[in-house]
Every structure is written in C-alpha cells, then in structure tokens.
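In case you want the letters, here they are:
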Amino acid sequence: MNKNKFLILLGLSLMLFVQHSSAETLQDRKIALLLEYLAADLQIIEGVGLQRIKLGDPMSKVRTVFGQTRTARELVTDSLVLEASLDANTRLRVTGRQRVRKMAFKGNQQSPYTTQSGARFGMPAYEVITTYGPAVVTDKDKGKTLTYPRKGIRFRIQHGVVDVIEVFPPSS
C-alpha cells in the first residue's frame with residue numbers, strides 16, 4: 001500500500017511540475033511576443049520616416065535594413081526607387097538618388113503601420129482631416145490627396161479611405 005501511495009504522490013508531483021513548466025513556457029512565449037512587438041518599427045513618423053530608415057539616410061541603408069528590395073529608376077527624375085515588403089499587408093517604396101528623399105507606404109486595413117498622430121490605412125478621409133486639420137488640396141488631385149507640407153506627410157485616398165501614406169521633408 002505504501003508503494004501505491006508513493007507512486008500516486010510521485011505522479012501528482014510530476015503532473016504539477018509539467019503544468020508549472022508549461023505555464024512558464026506559455027508566459028515566456030507571451031513575453032517574447034510582447035518584446036518582439038515593442039521592437040517592431042511600426043510607426044510612420046511625419047517628415048522623418050521610420051526608426052530604422054529615415055529621410056536623408058543613404059539609399060544603400062535601405063538594402064541593409066530590409067534585405068531583398070526591387071530596384072527601378074524613375075523616368076522623369078532618374079531617381080533610384082527601392083521597393084520592399086514590410087509585411088503581408090504593407091509595402092514600402094523609397095525614392096532618392098544618393099539619399100532617401102521620399103518614402104511611400106501602401107497598405108490595407110490589416111496593416112499594423114500607423115502614423116505618429118494615429119492615422120492608419122483604411123481610415124476615412126474625414127478622420128485624417130479631423131486628426132491633422134485642413135489639408136492642402138490641388139485641383140489636379142480632385143480630392144484624392146490630402147497633403148500636409150509643413151508636417152511632411154501626404155495621404156492618397158482610394159474609395160474614400162487612406163490607401164498610401166507618403167513621407168517627405170517638411171517645408172517651413
């Protein structure tokens with residue numbers, strides 16, 4: 001009988017140990033995911049770009065930071081254009097000659113990227129105006145672009161919602 005009690009106690013102890021270690025593993029995974037999220041560069045900073053790549057950085061840094069990029073040239077300006085996929089829902093297009101001159105982010109509603117002020121892909125145009133104030137709108141754009149030159153940001157509107165966010169050097 002003592003042997004049976006010993007085996008039962010041993011079994012219960014092992015079960016508690018296994019549950020305890022799996023709980024730690026789950027907690028470790030949650031912490032790792034949180035740290036990965038916090039380290040992610042998901043904020044588009046008006047007039048600056050991202051933390052990892054900023055306006056004015058060398059174009060070569062784009063390849064270093066993002067790895068595989070598609071390369072092309074702009075026909076009119078002969079600027080270098082590098083395109084990278086940031087995630088399944090967001091693409092980045094960087095334009096410049098030697099240095100990054102402009103960054104354009106194209107995304108959908110599932111994109112985790114937002115601007116520092118809180119604008120996001122799929123946001124209605126009126127919410128952008130509520131967030132940033134009145135925009136500079138030209139006749140040729142016909143309301144499809146909301147530009148904030150002093151902040152260095154432009155929103156392209158498709159079907160009434162933000163489709164592309166462009167970052168450029170702010171004007172004074």
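(A) Summary view of the overall build of the protein. For the protein, the count of helices and strands is 3 helices and 9 strands. In the protein, which comprises 172 residues, the proportion classed as buried is 35%. Within the protein, residue pairs in contact and separated by at least 24 positions form 38% of the contacts whose partners lie at least 6 positions apart.

(B) Spatial organisation of the packing of aromatic side chains. Throughout the structure, instances matching the rule amount to 3 aromatic pairs. When the centroid spacing of 5.2 Å and the interplanar angle of 35° are considered together, the rings of Tyr-132 and Tyr-148 count as tilted. Of this pair, Tyr-132 sits in helix H3 (residues 125–132) while Tyr-148 sits in strand E7 (residues 145–148), and the two are 16 residues apart along the sequence. The burial state of Tyr-132 is the same as that of Tyr-148; both residues are buried. Here the aromatic rings of Tyr-132 and Phe-155 are separated by 5.2 Å at their centres, their planes lie at 55°, and the arrangement is tilted. Residue Tyr-132 is located in helix H3, and its partner Phe-155 is located in strand E8 (residues 153–158); the two are separated by 23 residues in the primary sequence.

(C) The arrangement of the pairing of strand E9 (residues 161–167) in detail. The element E9 is extensively covered by neighbouring structure, given that 6 of its 7 residues are classed as buried. Where strand E5 (residues 100–107) lies against E9, 4 bridges are found, and the strand directions are antiparallel. Residue pairing across strands places Lys-106 opposite Val-164, the latter belonging to E9. Note: E8 against E9, 6 bridges, orientation antiparallel. Residue pairing across strands places Arg-154 opposite Glu-166, the latter belonging to E9. Joining the antiparallel neighbours E8 and E9 is a turn of 2 residues, in which His-159 adopts a positive phi near 55°.

(D) Spotlight on the nonpolar core. Counting 32 residues, the largest nonpolar core has Met-103, Phe-105 and Phe-155 as the members making the most contacts within it. For this core, the secondary structure elements donating two or more residues are helix H2 (59–66), strand E3 (80–87), strand E4 (90–96), E5, H3, E7, E8 and E9. In terms of residue count, E3 provides more of this core than any other element does, 4 residues in total.

(E) Spatial organisation of the pattern of salt bridges. Summed over all chains, the structure comprises 8 salt bridges. Across the salt bridge formed by Glu-83 and Arg-93, the nearest N and O atoms sit 3.5 Å from each other. Remark: Arg-93 occurs in strand E4 and Glu-83 occurs in strand E3; sequence separation between them is 10 residues. One salt bridge connects Arg-154 with Glu-166, and the closest N-O pair in it is separated by 2.8 Å.

(F) Main features of the side chain of Glu-46. Take Glu-46: it is sitting in the loop between strand E1 (43–44) and H2. Of the side chains with opposite charge, Lys-151 comes closest to the buried, unpaired Glu-46, at an N-O distance of 7.2 Å. At a separation of 2.4 Å, a polar atom in the side chain of Glu-46 contacts the side chain of Tyr-132. In this structure Glu-46 touches Thr-115, Gln-116, Ser-117, Tyr-132, Lys-151, Gly-152, Ile-153 and Val-167, once residues within four positions along its chain are discounted.

(G) Summary view of the sheet that holds E7. Spatially, E2-E3-E4-E5-E9-E8-E7 is the arrangement adopted by the 7 strands of the open sheet, whose pairing is antiparallel. Among the strands making up the open sheet, the edge pair consists of strand E2 (70–73) and E7. Across the sheet, the mean angle separating the axes of adjacent strands is 20° when strand polarity is ignored. Sheet strands in contact with H2 are E2, E3, E4 and E5, and its direction is about 25° off that of E3. Packing against the sheet, H3 makes contact with E7, E8 and E9, and its axis sits at approximately 10° to E7.

Conventions used here
- Residues numbered from 1 in each chain as written.
- Predicted model: local features only at pLDDT ≥ 70, side-chain atom pairs only at ≥ 80, totals over all residues.
- Heavy atoms only, no water.
- Helix = DSSP H or I, 4+ residues; strand = E, 2+ residues; numbered from the N terminus.
- Buried < 20%, exposed > 50% of the residue type's maximum accessible area, 1.4 Å probe, protein only.
- Contact = heavy atoms within 4.5 Å.
- Phe/Tyr/Trp six-rings, centres within 6.5 Å; stacked < 30°, edge-to-face > 60°.
- Pairing = 2+ DSSP bridges.
- Core = buried A, V, L, I, M, F, W, Y, C linked by side-chain atoms within 4.5 Å.
- Salt bridge = Lys/Arg side-chain N within 4 Å of Asp/Glu carboxyl O.
- Lys, Arg positive; Asp, Glu negative; His and termini not counted.
- Polar contact = N/O pair within 3.5 Å; in protein donor to acceptor, adjacent residues only side chain to side chain.
- Axes fitted to C-alpha atoms, helices over the stretch in contact; angles between N-to-C directions.

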